[in-house]
Structures are given as structure tokens and as C-alpha cells.
Amino acid sequence: MDGNLEVNRRSAPLVRILLCLILMMVGGLCAASPPVGESGTGGDPPGDTPLLYSPLDIPVRDGQTLAADLYFSGATPEPRPVILIQTPYNKNYYRRMVWNPEQPPLFPLDRHYNYVALDWRGFYGSTDAAVAGYDRGLDGYDAVEWIAAQPWCDGRVGTWGSSALGYIQFQTARHRPPRLVCSVPRVKDIRTTYSDYYYGGVYRREHIENMEQLGLVSTDLILAHPTRDFFWQIWEQQTDFTAALAVPMFIIGGWFDHYPETVLAAFHDLRTQSPAPARNQHKLLFGPWLHGEVDESRQGILEYPNATGIADEMTIRFWDFHLRDQANGWEEVPPVTYYQMGDNDWVTTDTWENPRREERILYLTAGGHLAFTPPADDEPPAPFDYDPADPTPAVGGARFSPFDPDLPIGPQDLRTTIENRGDVLVYSTAPLTYDLRLAGPVRILLYVSSDRLDTDICIRLTEVFPDGRSVIMTQGIRRMRFRNGYSAEELMIPGEIYPVEVELQDLALTIRRGHRLSIVVSSAAYPHFDANPNSGGPLYEPGPLYIARNTIWHDADHPSHVLLSVPWPSDISGDGQADATDLLLLAAYLADNAGGFPLGAADGDVNGDGVVKVVDLIELAVRLVAGAEQIQ
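Residue positions are given per chain, counting from 1 as you read along its sequence in written order. Reporting of local features is limited, given that this is a predicted model, to residues whose pLDDT is at least 70; pairs of side-chain atoms are given and counted only at 80 or more, and all residues count toward the totals for whole chains, interfaces and linings. Side-chain calculation: all heavy atoms of the structure are included, whereas hydrogens and water are not.

*Asks:* How should the overall build of the protein be read in this particular structure?
*Replies:* When its secondary structure is counted, the protein shows 11 helices and 25 strands. Burial analysis of the protein (632 residues in total) assigns 58% to the buried set. Accessible area for the protein stands at about 24200 Å²; split by element, carbon and sulfur atoms hold 52% of it. Helix and strand assignments come from DSSP, with helices taken as H or I runs of at least 4 residues and strands as E runs of at least 2, each series counted from the N terminus. Between buried and exposed lies partly exposed: a residue is buried under 20% and exposed over 50% of the maximum accessible area for its type, with that area taken using a 1.4 Å probe on protein chains only. Here the open area of atoms and residues is found with the Shrake-Rupley method and a 1.4 Å probe, where only the protein chains shown may cover a residue.

The structure is reproduced here in C-alpha cells:
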């Protein structure tokens, strides 16, 4: 189906009558989702919560002490639940809230809580406590139990923090401190994996080098293991402790983050592997956010005003429920709340890994087109040259460069920085005549040949706006020697055509009617990812650089294509379920004829005949009444 919807204009009166009948049949099925961030117990403005702080020395089991600060409102700290924040980035950073109370708070601030910011062992105020290889999760355990025994704590402790501050929460909860009640890890998964350091087998150069500057990793150690060898397998096993995480967790992630797919996987694992009763109490919030810009409206060059402050508001509601026993309706919030970009709406569902999806295929064709129809037998291939001495630069995307705050990251316009270069190929749909809703993973399957033994294939997915901006929304890369897996290297034979899959990050994005979906194919995004020398020699060792002539094939025998995850045809609203809301949307569309409510390319074709007509409305109504679509 190419997106053109067949509607019989004469059917409008019938549809209106049918709509009235449907409303009577399924009345009461359209329950509204709880508003995101609704609380009523917390979230006081910063001006109403003046802070003071007091330095602490927290003793731990090996006789060392860790430096921390206690934050509280009022003249003296009263017994309240305490939120523990463990950081490798200097606890003194949070003192800015006291020195400059006019600036936005640096953590979810509410007068019902006290807060403790603690320097990790070996960092800043806790530098003298450094012990090589020490399990900092044990420090977390000791800090939780010591805090719970203090007169300014009511005996209940929660944890909060992003990235490294998120990972230490998993490490702490693993040891099950008795007084730990709940945790809020943001933009971080549980396991440490090969893919955290090598995306598609390609070294995440910029990211890892910045992590080393922060004192978090050793680049020498990472570069010594460029394949998924025994080192990575052991590390992944040792950090897979989901089954030990026995407190409710509120997981927060962002579509423009470094690892959205692993954060989603961590939440799935928590919901399926962690101990009862916590297993059913975990919840997920996923917004249109970069790694360090959670809760901000501006992301790159795009704005999402209704995504501001949501994470903090929901965090306080989560704390109020678990740490203060507030009857605020938190238990009624669905397990998953995510932001559908393009629609710019919050969606709730039971699980992100929703089986009620299907894949749609967009084929690459000659002339730089993306089409829903397969290519012809004689479609010519498209060659391009890649010079590792002048690699295609990284612009925007999920980059990590904390030492260069002016670096453009996230959604950025690639027209004049990337797409006008001679070492890229651009494939685009025609302007869409419908809203194309993506909700899930995106995969690119290309047929590639090269005149070298090894090279990379890099993909940027962009949304092209009517004004011409081509805005990067996600990206991925694959090293050809790892096209069949990451444990063993298989060099190419020059001139031979190979299939290779490039996995992009999960995405919830609606490409609006009149916009276009585009992919930009190249062989580099430097320094985001390491630049392949094309030599086929040992990885990450000095050696010669060679220009590669790489070719993308897209004929009938080599149908290079994009695999998109879209909601199933009955799920017109895109909330992961088929219910009366979808029935009403479909009826409204048909009632208003072809110029009315825009639907996605697959939406509404309930009976699968390739067109959307009144018969689909009747089919959906029958299924809902019969329960065939699992009404929720």
C-alpha cells in the first residue's frame, strides 16, 4: 500500500450513523490515560524550597570515609525521607543551588525530602579512599544504611541520578541495603556490553575518549579488545545482575540518548527478571531528550515544549508514593510512558516491546529514492568514494562531548554540512500524503561491494521538513568485517556483493504529512566513530590509509531496504492497543472523506485489502465487540 487511501464520499452519512451506533456499543471503553506528571503532593517551586547544606563524612566498611553534603530546607534538617545521589563528577557542583537559588534545581527538588550528594570513592572529596577494583555498590549499601540511621532521616532512602549516577544505583541496589526503598536511574542500562564501546563493531572514539578524561574508563583496555571476545562475555555476565534488583525503579531515557535501545532492554529485563513484588512496580518514562538534556524543551534545533519538567514531576510523584505513602494514583500509571515525536504527544502502554506491530519496507532505488514498491531488475547501483584522510564528519546525533558545550549535538540540519558532500548518498521518500508513525527499532539492510578488504557503512536517518531542513533523528554504523557477527573478523573480497545490516536506535517518531523520510549513506561519522583506514589490517593500529570505492546495490536481486516498525493496522492512535479510541479516529476520518484525519501508511486497513474503506470500520467494530483485538 503506497499511502493513498480510497474513501467513498457517498459513504459519509452512513459512517455518521454507524459512528453513533458504535458509541452506544462500546461506550465506556475510552478511558483517559492519567496525565503525565500529575501529583499534587510534591514539585514545589525552587523559590519555595530554600536550601542549606552541611558537609558529611560517611564511614564505610573498610574503615575509609566518603565525602558528602546533606541538603535540607528550613533552619535545621528535620526527619524526612532522604534521596542519595552518588557522583564521580564532584558533589560540590550541587552547592550552586545554595549559592544561586535563582537557577533551576539540579535534581528534583521538593521540601518533603532531604538530599545527600556523595563523591564516589577515588573521586574529588573521596580521593583518599581509592582502592583499586573496589565494588562501589558496597559503598552505596553502607551510605544508605548510615543515612537511614541519622536523626534527619525517617529511616527511608531513595536514590537518583543520570548516566554514571544511574549505574551506581543499580550497583547499590544489587546488594539490597535494607533501608533502600526505591531508585530512579536515568539514561543508563544495567549491563556493561561490547556494544557500549563498539557500535556495529566500530569504536565509539569520541565517547570513550571523553569517558577516559572523566576518569571512568581506560581507552587502552577497551582498544585491546576490539572483538566481542571472552573479555566482553565475562564482563557482560558479571554486570547482568537484574535478578538481584529488588526495589521499585523508575527508569528514564531519551530518544536522542547514546543507548536508548539498551535502556529499553534494561526496563524489559527488570519487568521480567527482577524479584517480586518489585517486578510489577517498575515504570519507564522515555522522552525526546538527549543524554544531558532530560526535561529540557530544546533538543538540538527542535523544540518539545510539552516535554519540559515531566521527568522531575513524575519522579517526585514516584517518591511520594514509595517514600511517603501518598495515595496519589501512582500505582494506576501504566508501566510505560513515551513521547511520540512528530505527533508531540505522550503515549502510555504496558510494554515497549509490544507484539502488536508490523514491519514496513522502504526500498532504495536509483536516483536517491525511497519507495514502498520493490526495485526493478535493471536498477543501477550507486558508487561513492570514502577517503579516511577526509572522513565524513559527525554532525549532530547522539554525541558525547562534555568538554565542548558548544558542540552541535542531537537534531541538526545536515543539508549543508553532510548532504552536499561527494562522499555520501541520500535516499528520500516523496513528500508523504499521510502521517507515517514509527514506533520501534529501525534496521537498514544494504547490499554493498567495495574495492577494499574492509570499510564501514554509516547511516543517518533524517526527517526532511517542508522548508528543506534535513534533521538527523538517529544514526548507526557497521564495520564490514563484522557483518556476520562481532566475535570473528571476515574481510571482504574486492568486488563481491555482501548483505550487511545496520541497526539504528529505537525511535518513536511520526513523519508528518508533507514531510519526507530520508537516509544518508556514507562510510564515516568522525570523530563520533573511528574512521576505518580501509586497509583490512589489524584494528586500531597505525598503518596506511586507502581510499575505498564503495557501492550500494539496489536491483531486484539486491533489494537494499529500510525496515520500519509501525503500529498494527488497528492501532490508529499509536498507543500500542486497539480500542474504542481507534474506532472513533477511523470513523472520523471516513466521515470527513479523504481530506480529513491523516492516517499512517498501514493504519486503518483492518481487513488487509490494501485500501481503507467503511468495511474496515465495520470489521474493527466487530472485532472490538467480540474481543478479538484484546480491548484494554
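*Asks:* I would appreciate a short explanation of the environment of valine 263 in the present structure.
*Replies:* Looking at the element boundaries, valine 263 is found in helix α8 (residues 260-273). A relative accessible area of 1% means that valine 263 is categorised as buried. In the structure, valine 263 is positioned 72 residues away from arginine 191 in sequence and 9.6 Å away in space, judged by C-alpha atoms. Not counting the four nearest positions on each side in its chain, valine 263 is found in contact with Val187, Lys188, Asp189, Ile251, Ile252, Gly253, Asp257 and Phe286. Throughout, a residue-residue contact means that at least one pair of heavy atoms, one from each residue, lies within 4.5 Å.

*Asks:* How should I be thinking about the packing of helix α10 (residues 580-591) against helix α11 (residues 614-626) in this particular structure?
*Replies:* Two numbers describe a pair of packed helices, the interaxial angle and the distance between the axes. Fitted lines through C-alpha atoms give the axes, limited to the stretch in contact for helices. The angle between two N-to-C directions lies from 0 to 180 degrees. For the pair α10 and α11, interaxial distance at closest approach is 10 Å and the crossing angle is 165°. Relative to α11, α10 is oriented roughly antiparallel. The interaxial crossing formed by α10 with α11 has left-handed handedness. Together, Ala580, Asp582, Leu583, Leu586, Ala587 and Leu590 of α10 and Val614, Asp616, Leu617, Leu620, Ala621 and Leu624 of α11 make up the contact between the two elements. Gly counts as polar in this scheme, as do all residues outside two lists: the nonpolar Ala, Val, Leu, Ile, Met, Phe, Trp, Tyr, Cys and Pro, and the charged Asp, Glu, Lys and Arg. When the residues that make up the contact of α10 with α11 are grouped by side-chain class, the tally is 10 nonpolar, no polar and 2 charged. Orientation is classified from the angle alone, with under 35 degrees giving roughly parallel, over 145 giving roughly antiparallel, 65 to 115 giving roughly perpendicular, and any other angle giving oblique. Definitions for this section: a left-handed crossing has its near helix turned counterclockwise from the far helix by less than a right angle. A right-handed crossing has that turn clockwise.

*Asks:* Can you walk me through the nonpolar core in this structure?
*Replies:* Among buried residues, the Ala, Val, Leu, Ile, Met, Phe, Trp, Tyr and Cys ones that are joined through side-chain atoms within 4.5 Å form a nonpolar core. Within the largest apolar cluster, 119 residues are counted, with the highest numbers of intra-cluster contacts made by Val116, Trp319, Leu446, Met473, Ile519, Val521 and Ile552. It is strand β22 (residues 498-511) that provides the largest number of residues to this core, a total of 8 residues. Setting aside residues no more than four positions away along its own chain, valine 521 makes contact with Phe384, Asp423, Val424, Leu425, Tyr427, Leu446, Ile457, Cys458, Ile459 and Ile552.

*Asks:* Which parts of the structure should I look at to understand the pairing of strand β2 (residues 65-73)?
*Replies:* When a strand is regular, its side chains alternate between the sheet's two faces. Most of β2 sits inside the fold, with 8 of its 9 residues counted as buried. Should DSSP find at least two bridges between two strands, the strands are taken to pair. Bridge count between strand β1 (residues 51-59) and β2: 9 bridges; the pairing is antiparallel. Paired with isoleucine 58 across the bridge in β2 is leucine 66. The hairpin formed by β1 and β2 contains 5 residues between the paired strands, and glycine 63 there has a positive phi angle of roughly 90°.

*Asks:* For this particular structure, what's the right way to read the pattern of salt bridges?
*Replies:* Side-chain pairs of opposite charge can arise whenever the charged atoms involved come near each other. Take a side-chain nitrogen of Lys or Arg and a carboxyl oxygen of Asp or Glu: if they are within 4 Å of each other, that pair is a salt bridge. Following the criterion strictly, the structure yields 29 salt bridges and no others. Between arginine 80 and glutamate 78 there is a salt bridge whose closest N-O contact spans 3.7 Å. Residue arginine 80 is classed as buried on the basis of its relative accessible area, which comes to 11%. Assessed through its relative accessible area of 46%, glutamate 78 is described here as partly exposed. As a salt-bridge pair, glutamate 489 and arginine 481 come within 2.5 Å of each other at their nearest N and O atoms. Residue classification places glutamate 489 among the partly exposed positions, given a relative accessible area of 41%. Under the relative-accessibility criterion, arginine 481 is labelled buried at 3%. Put simply, Arg205, Glu209, Asp456, Arg479 and Asp530 are held in one network by salt bridges that share partners.

*Asks:* Just checking my understanding: could you explain helix α5 (residues 205-213) for this structure?
*Replies:* Because each turn of an α-helix spans 3.6 residues, side chains separated by three or four positions end up pointing in the same direction. Regarding α5, the residues found buried are Arg205, Glu206, His207, Ile208, Asn210 and Met211. Check the buried side of α5 and you find it contacts β8 (202-203) and α6 (219-223). With its phi angle positive at about 80°, glycine 215 sits one or two positions after the end of α5.

*Asks:* Sorry if this is basic, but what is going on with the side chain of histidine 112 here?
*Replies:* Within the fold, histidine 112 resides in the loop between α2 (96-99) and β4 (114-119). Of the polar contacts made by the side chain of histidine 112, one reaches the side chain of arginine 324; its length is 3.4 Å. Between N or O atoms, a polar contact is any pair within 3.5 Å; within protein, one atom must be a potential hydrogen donor and the other a potential acceptor, and residues adjacent in sequence are included only when both atoms are from side chains.

*Asks:* Explain the packing of aromatic side chains here, please?
*Replies:* Given two aromatic rings, one states the distance between the centres and the angle between the planes to describe the pair. Only centres within 6.5 Å qualify two rings of Phe, Tyr or Trp (six-membered ring in Trp) as a pair; their planes then separate them into stacked at under 30 degrees, edge-to-face at over 60, and tilted for everything else. Applying the stated criterion across every chain yields a total of 34 aromatic pairs. Measuring from ring centre to ring centre gives 5.7 Å for tyrosine 94 and phenylalanine 107, while their planes differ by 45°; the resulting arrangement is tilted. Taken together, the residues tyrosine 94 in the loop between β3 (80-87) and α2 and phenylalanine 107 in the loop between α2 and β4 connect sequence positions 13 residues apart. We classify tyrosine 94 as buried; its relative accessible area is 7%. Here the aromatic rings of phenylalanine 250 and phenylalanine 318 are separated by 5.7 Å at their centres, their planes lie at 35°, and the arrangement is tilted. In this pair, phenylalanine 250 sits in strand β9 (residues 250-254) while phenylalanine 318 sits in helix α9 (residues 310-323), placing the two residues 68 residues apart along the sequence. Accessibility assignment for this pair places phenylalanine 250 and phenylalanine 318 in one class, buried. Aromatic rings pair up to connect Tyr194, Tyr197, Tyr198, Tyr203, Phe231, Trp232, Trp235, Phe482, Tyr486 and Tyr540 into one cluster. For a ring to carry a charge above it, either NZ of a lysine or CZ of an arginine must fall within 6 Å of the ring centroid while also lying within 35 degrees of the normal to the ring plane. Over the ring of tyrosine 134 we find arginine 121, and its NZ or CZ is 3.7 Å from the ring centre. Between arginine 360 and the ring centre of phenylalanine 372, over which it is positioned, the NZ or CZ distance is 4.1 Å.

*Asks:* Mind showing me how you'd approach the packing of helix α3 (residues 136-148) against helix α4 (residues 164-174) here?
*Replies:* Direction vectors running N to C along α3 and α4 enclose 75°, while the axes themselves pass 7 Å from each other. Put simply, α3 runs roughly perpendicular to α4. Residues Arg136, Gly137, Gly140, Tyr141 and Val144 of α3 touch α4, and the partners they reach there are Ile168, Gln171 and Thr172. Per-class residue counts for the contact of α3 with α4 are 3 nonpolar, 4 polar and 1 charged.

*Asks:* Help me understand the pairing of strand β17 (residues 382-386), please; the structure alone is not making it clear to me.
*Replies:* The side-chain alternation of β17 yields one buried face, formed by Ala382, Phe384 and Tyr386, and one unburied face, formed by Pro383 and Asp385. Strand direction decides the pairing type here: β17 and strand β24 (residues 548-553), joined by 5 bridges, are antiparallel. Following the sheet pairing, phenylalanine 384 is matched in β24 by asparagine 550.

*Asks:* Help me out: how do you make sense of the environment of serine 573 in this one?
*Replies:* Inspection of the secondary structure assignment puts serine 573 in the loop between β25 (561-567) and α10. Residue class for serine 573 comes out partly exposed when judged on its relative accessible area of 22%. Residues contacting serine 573, with those up to four places away along its chain left out, are Arg437, Thr581, Asp582 and Leu585.

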